[in-house]
Amino acid sequence: AQSVTQLDSQVPVFEEAPVELRCNYSSSVSVYLFWYVQYPNQGLQLLLKYLSGSTLVKGINGFEAEFNKSQTSFHLRKPSVHISDTAEYFCAVSEIQGAQKLVFGQGTRLTINP
Amino acid sequence: DAGVTQSPTHLIKTRGQHVTLRCSPISGHKSVSWYQQVLGQGPQFIFQYYEKEERGRGNFPDRFSARQFPNYSSELNVNALLLGDSALYLCASSSGGARTETQYFGPGTRLLVL
């Protein structure tokens, strides 16, 4: 079984400042890794995913994440945030075999202050 | 192109009742998955269907059931509703159901059980 821990439930940041949202996972098998964003009253939108290859993954809206196998982490970063980045962010894993099942963390609420 | 659509958007039921939630995937997508998102938590996997066959099932009681139709739309049924079933129910579709594919989420159906 897999589990995902998002280390911060809330992250307040000033506009144009950098941000890092932390994610650690646990799994006995190889996994794929994902970051999703959820804006208020909306469904989830994929920001980026790691399947294989380069451990630095670039996604939409200027976000990137780095896969660290030894630390079982997949932290999300953005060098300069905007007010529009205010949302809930979810880290998720999926086994490389079996059903297309995402296991999500509990989410991190990113709040951007002007 | 239309994204994943879900109906209804909101629903209020009382304990013991039955509910049916509906999902239409993106045109051309053959896989549909269902997730339950309780307030303040990450989504939890309920089912995946591909080509009308169940491919995976999460840790939910038998009160939860689903099916997929020839046009790839799907229904999620919940019997004998409990207060704890109050949640946002998300539907996601993907092209072929492979673990590497992106899942596209609908806006969800918000269910309140009184």
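Shown above is the structure to which this text applies.
Along each chain, residues carry numbers from 1 onward, in the same order as the chain's sequence is written. Each chain gets a letter, beginning with A, and each ligand a number, beginning with 1, in the order they are written. Side-chain atom pairs in this predicted model are given and counted only at pLDDT of 80 or more, local residue features only at pLDDT of at least 70, and totals for whole chains, interfaces and linings cover all residues. The basis for every side-chain value is the complete set of non-hydrogen atoms in the structure, without hydrogens or water.

1. A look at the sheet that holds strand S8 (residues 74-78) of chain B
All names here are of chain B.
Here's step 1: Between any two strands, pairing holds if DSSP finds at least two bridges. A helix here means a DSSP run of H or I that spans at least four residues, while a strand means a run of E at least two residues long, and both kinds are numbered starting from the N terminus. Read across the sheet, 4 strands follow the order S1-S3-S8-S7 without closing on themselves; strand pairing throughout is antiparallel. Strands at the two margins of the open sheet, each flanked by one partner only, are strand S1 (5-7) and strand S7 (64-68). Averaged over all adjacent pairs, the angle separating strand axes in this sheet is 15°, with direction ignored.
Here's step 2: Strand direction decides the pairing type here: strand S3 (residues 19-24) and S8, joined by 5 bridges, are antiparallel. Axis lines are fitted to C-alpha atoms, over the contacting stretch for helices. Their N-to-C directions set the angle, which ranges from 0 to 180 degrees.

2. Thoughts on the interface of chain B and chain A
Here's step 1: By the convention used here, residues are in contact when the closest approach between their heavy atoms is within 4.5 Å. Contact with chain B, which involves 25 residues of that partner, is made by 23 residues of chain A.
Here's step 2: For the chain B and chain A pair, buried surface summed over both sides reaches about 1,800 Å², with 52% attributable to carbon and sulfur atoms.
Here's step 3: Salt bridges, as used here, are contacts in which a Lys or Arg side-chain nitrogen is within 4 Å of a carboxyl oxygen on Asp or Glu. At the boundary of chain B with chain A, the tally comes to 0 salt bridges.
Here's step 4: Polar contact criterion, stated in full: a pair of N or O atoms within 3.5 Å, where within protein one must be able to donate a hydrogen and the other to accept it, and residues adjacent in sequence count only if both atoms are side-chain atoms. If you look at where chain B meets chain A, you find 11 residue pairs in polar contact (both at pLDDT 80 or more). Joining two parts hides part of their accessible area as seen by a 1.4 Å probe, and the buried area is that hidden amount summed over both.

3. Observations regarding the packing of aromatic side chains
Here's step 1: Aromatic contacts are taken between Phe, Tyr and Trp rings whose centres are within 6.5 Å, Trp giving its six-membered ring; a plane angle under 30 degrees counts as stacked, one over 60 as edge-to-face, and the others as tilted. One pass over the full model with this rule turns up 13 aromatic pairs over all chains.
Here's step 2: Measuring from centroid to centroid gives 5.5 Å for Phe63 of chain A and Tyr89 of chain A, while their planes differ by 45°, and the two rings are tilted. Highlighted residues: Phe63 of chain A in the loop between strand S7 (56-58) and strand S8 (64-68) and Tyr89 of chain A in strand S10 (residues 87-95), separated in sequence by 26 residues. Comparing Phe63 of chain A with Tyr89 of chain A, the two get one shared label, buried.
Here's step 3: Among the aromatic side chains, those forming a connected cluster through ring pairs are Phe34, Tyr36, Phe90 and Phe104 of chain A together with Tyr35, Phe45 and Phe105 of chain B. Burial classification: accessible surface area is computed with a 1.4 Å probe over protein chains only, and a residue below 20% of its type maximum counts as buried, one above 50% as exposed, and the rest as partly exposed.

4. What about the state of the cysteines?
Here's step 1: For this text, the term disulfide refers to a pair of cysteine sulfurs within 2.5 Å. Summed over the entire model, instances satisfying the criterion amount to 2 disulfides over all chains.
Here's step 2: Disulfide pairing places Cys23 of chain A opposite Cys91 of chain A at an S-S distance of 2.0 Å. Residues Cys23 of chain A and Cys91 of chain A share a disulfide whose torsion about the S-S bond is about -65°; that sign makes it left-handed. Of the two residues, Cys23 of chain A is situated in strand S4 (residues 23-26) and Cys91 of chain A in strand S10; the sequence distance between them amounts to 68 residues. Like Cys91 of chain A, Cys23 of chain A is buried.
Here's step 3: The disulfide bridge from Cys23 of chain B ends at Cys91 of chain B, spanning 1.8 Å between sulfur atoms. In this structure the cystine formed by Cys23 of chain B and Cys91 of chain B twists about its S-S bond by roughly -60°; its chirality is therefore left-handed. Placement of the pair is Cys23 of chain B in strand S3 and Cys91 of chain B in strand S9 (residues 87-94), with a sequence separation of 68 residues.
Here's step 4: A relative accessible area of 2% places Cys23 of chain B in the buried class.

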